[in-house]
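# Geometric and topological summary
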Amino acid sequence: MAKLRSPADLEKKRQQILSQRDPNKTCVTICSGTGCHVLGSDKVSEAFLGEISKNGLKGKVDIRRTGCHGFCERGPVVVIFPEGICYLGVKPADVPDVVSKTLVDKQLVERLLYQDSTGKTIAHEGDIPFYKFQSRIVFGNNTRIDPKSIDDYIALGGYSALAKALFKMSPEQVLDEVKKSNLRGRGGGGFPAGVKWETTRDAPGDIKYVIVNADEGDPGAFMDRSLLEGNPHSVLEGLIIGAYAIGSHEGFIYVRQEYPLAVENASIALEQARKYGLLGKNILGSGFDFDVKIHRGAGAFVSGESSALMTAIEGKVGEPRPKYIRTAVSGVWERPSNLNNVETWATVPLIINRGADWFTSIGTKGSKGTKIFSLVGKVNNTGLVEVPMGMALRDIIYKIGGGIRQGKKFKAVQTGGPSGGCLPENLIDLPVDFDELTKVGSMMGSGGMIVMDEDTCMVDVAKYFLNFLSDESCGKCVPCRAGIEQMVEILNRICAGQGRPGDIELLEEICEVTRDASLCALGQTAPNPVLSTVQYFRDEYKAHIEQKRCPAGVCKALVSFYIQPDKCQACQICLKDCPVQAISGAKNIVHIIDQAKCTKCGTCFEVCPQRFSAVVKISGEPVPAAPPAGIEVIRKKGKQE
Amino acid sequence: MNIDGKEVEAEEGKTILEAAKSAGIDIPTLCYNEKLAPYGGCRFCTVEISKGGKTRLVVSCVYNVEDGLVVKTASPKVIKIRKMLLELMLASAPVLSELAKQYGIEKPRFQSEVTQCILCGQCVRYCAEVKKANALTFVGRGVNRRVAFVDEIVGKGVCMDCRQCYGLCPTGKIPRETDGAYFEGIRVSDVLSRRRAKKD
């Protein structure tokens, strides 16, 4: 197709696309994000194709495979437009029903609808609590577009912000608008994007770079990935606008190789944008030149750090630089380089289109707009959620997340990834914004949110994150490399029941030096998981060290399993399931665990029928002596086996 | 600028470490080498700087001098950091015990695999930056980071007559342990195979 040479061309193209589309035509959108893909959305999509032609609906119904809808817990998600009917957990076997009932007869398939706690079904996506309490301004279009189609993006008004910036605004005006919006970096630090842009813009040098940081590496985080996979053009549009404001003609998308779909969709987006004249020389006939390269990262957490990322782009090992000069001034090949995260870039077109005043009307005093979180862990509705800044943690976890799994008790929420902290129940009403989270010893980070219930051991959690960091530290500087190593060592021994008096204080001592003396942000924030758990859950550390007790019953070395002889009904389930044959007994004979053989895998505890509840977990106290072998089961009256 | 109460003049572009040195003020270092680009790895030369009411901790081998900067090279905070860094390094390099004693560390509290190498990287960097031979390299990440000789390059015989890294090594590991031209068992292939064995 011919390149678009003016904003009028773009508008004409949009009208042409829209004229070929009937807004009332039925469109089945099938989420094909990573979560739904794993749950089998490919097969669901094939089934739809088959059923639709079988029912003679070919041409009358569109099928669109979209990026992530966010409700990963209940995938594969299917939404049928224009009504917005949302079916959850759709399997290929459900498809004939959906096609014959909903598409042909215009009736609902009740069993696939969302059901609230009272059993009432909800048909429309927007009415489901998971979606209802969100503000999906950045992420929302994921459900409406095929990420491999630039026309889908243009149909929804895509690239109109770029046209506005290039033709109705000077670079200075674009910069001012972004500064006025107080958009803060979504990648972790929360540094004002406009101020960073200005630094790069004002830095001496003709060649400047703009970069998308898609090196998301936090355990449990997948928002950047889903955005780049599901709506790559929104990220690209933001990047081009930023390049125009900054005066850059070359950009990079740094995306990890482990995100193949993100790499694929971003590559397709670049190609399409070039074909349409939205990327390359003389964009939309404005005279502005800009192009983008994709740099595939080799998958190191530390490469998300700005100077490490830029070193990696140069083709070297991705290690942070020791310099005290900002990468905004001296970055890739020592040229001014502006780095922002995926979500930050995707927010830019919205600000240009709707204005800074609109953007600042959302959020809190210091944190404007919305933020996407990966809500994961022991919460009922795991997935991606986008909420206005300032929403209370409680609302995110209970209203959107649907509360804790299996009715268990909330214990803590970990925000900010490995560099963040764990917040306890008394902080659950905290409004989520950059400054509030930092104040209580955690951070926004890129938006990971891991919910933990009463069965979580906080020392074990700290150990998990520090273990992650000990592998992911580049190893260049001593306080990070050796400091983390020794913290892991101490946490390991506490969890193993070998904790010594003074270990908590020793941890704090190392934390202080690692925080103050490390070369880059990875090391400087690495102590956070330890410090926040020590701050809020010190008693749990003490129980491990002083009483050799793990209150949550997680640390294997501090836990024993015991079968209560008066409750055991000799059902032989645990006996058969024990992977190391540590349980003896027989039919009608009470089962006994051989503590010497037991590996504490917890299988017996899990399989013991709830009505017996004979297996108990013991921590911090001696295991009762095993009863003599061969006792017969005491059966309750009237109960037969 | 002012270093430890002494007014010091320094050329723009010089580091705090260089300025202090020329003023006769000693800041201890482990990974610094004037022939090499600043590395900032050991963090041992950390100092406390203040300007305009703001106080920060920086490494003096990298931070450039500024007009009006007030530098403390041995504040309680700085000493605390150096002591901890030394204690951490001591775990894998007991050879540092003499230096540690100067800081009052008698009984180290940490243990680690003893390599006698603190990964200051002077050998690696000298070989790359000055000799341009690249016979040494870092292998691995985080706690698995090691210095190793690149088999293919060493095999060409470049190390035989050079041995300049011998004198650079602050722990003396290289001259003490090298057999002939390079570390026995510390070639890239050995490090990797050891790591593989550990994983299995």
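Residues numbered from 1 in each chain as written. Chains lettered and ligands numbered in written order. Predicted model: local features only at pLDDT ≥ 70, side-chain atom pairs only at ≥ 80, totals over all residues.

Moving on to the overall build of chain A. Counting secondary structure elements, chain A contains 25 helices and 19 strands. For a compact globule of 641 residues, the expected C-alpha radius of gyration is about 26 Å, and chain A comes in at 28 Å, within 12% of that figure. Here chain A holds 641 residues, and the buried ones make up 53% of them. Across chain A, the fraction of contacts at a sequence separation of at least 24, relative to all contacts at a separation of at least 6, is 72%. (Helix = DSSP H or I, 4+ residues; strand = E, 2+ residues; numbered from the N terminus. Rg over C-alpha atoms; globule rule 2.2 N^0.38 Å. Buried ≥ 20, exposed ≤ 12 C-beta atoms within 10 Å, placed from the backbone. Contact = placed C-beta atoms within 7 Å.)

Okay, the sheet that holds strand E8 (residues 250-256) of chain A next. Residues and elements named next belong to chain A. Reading across the sheet, the four strands line up as E9-E8-E7-E10 and stay open at both edges, with parallel pairing between neighbours. For this open sheet the edge positions go to strand E9 (291-297) and strand E10 (337-341), each flanked by a neighbour on one side alone. If you compare each strand with its neighbour and ignore which way they point, the axes differ by 20° on average. In terms of strand pairing, strand E7 (residues 209-214) meets E8 through six bridges, oriented parallel. Bridge assignment links Asn213 to a residue of E8, and that residue is Tyr254. Against the sheet, helix H12 (residues 260-275) makes contact with E7, E8 and E9, and its axis sits at roughly 170° relative to E9, the strand it touches most. (Pairing = 2+ DSSP bridges. Axes fitted to C-alpha atoms, helices over the stretch in contact; angles between N-to-C directions.)

Bringing the sheet that holds strand E11 (residues 370-377) of chain A into the picture now. Residue and element names in this part refer to chain A. The five strands are arranged E12-E11-E15-E13-E14 in an open sheet whose pairing can be described as mixed. Strand pairing shows two members of the sheet lacking a second neighbour, strand E12 (383-388) and strand E14 (421-424), which therefore form its edges. Recorded for the sheet is a direction-independent mean angle of 30° between the axes of neighbouring strands. Pairing analysis gives six bridges linking E11 to E12, with the strands arranged antiparallel. Paired with Leu375 across the bridge in E12 is Gly383.

Another point: the domain arrangement of chain B. In terms of domains, chain B is made up of domain 1 (2-74) and domain 2 (122-199). Its residues placed into classes, the side of domain 1 of chain B that touches domain 2 of chain B shows five nonpolar, one polar and one charged. (Domains from an automatic or database assignment. Nonpolar A, V, L, I, M, F, W, Y, C, P; charged D, E, K, R; others polar.)

Between chain A and chain B, the contact holds 26 residues from the first and 26 residues from the second. Those elements that place two or more of their residues in the side of chain A that touches chain B are helix H18 (458-472), helix H19 (478-495) and helix H20 (503-517) of chain A. For the side of chain A that touches chain B, the element with the most residues is H19 of chain A, which contributes seven residues.

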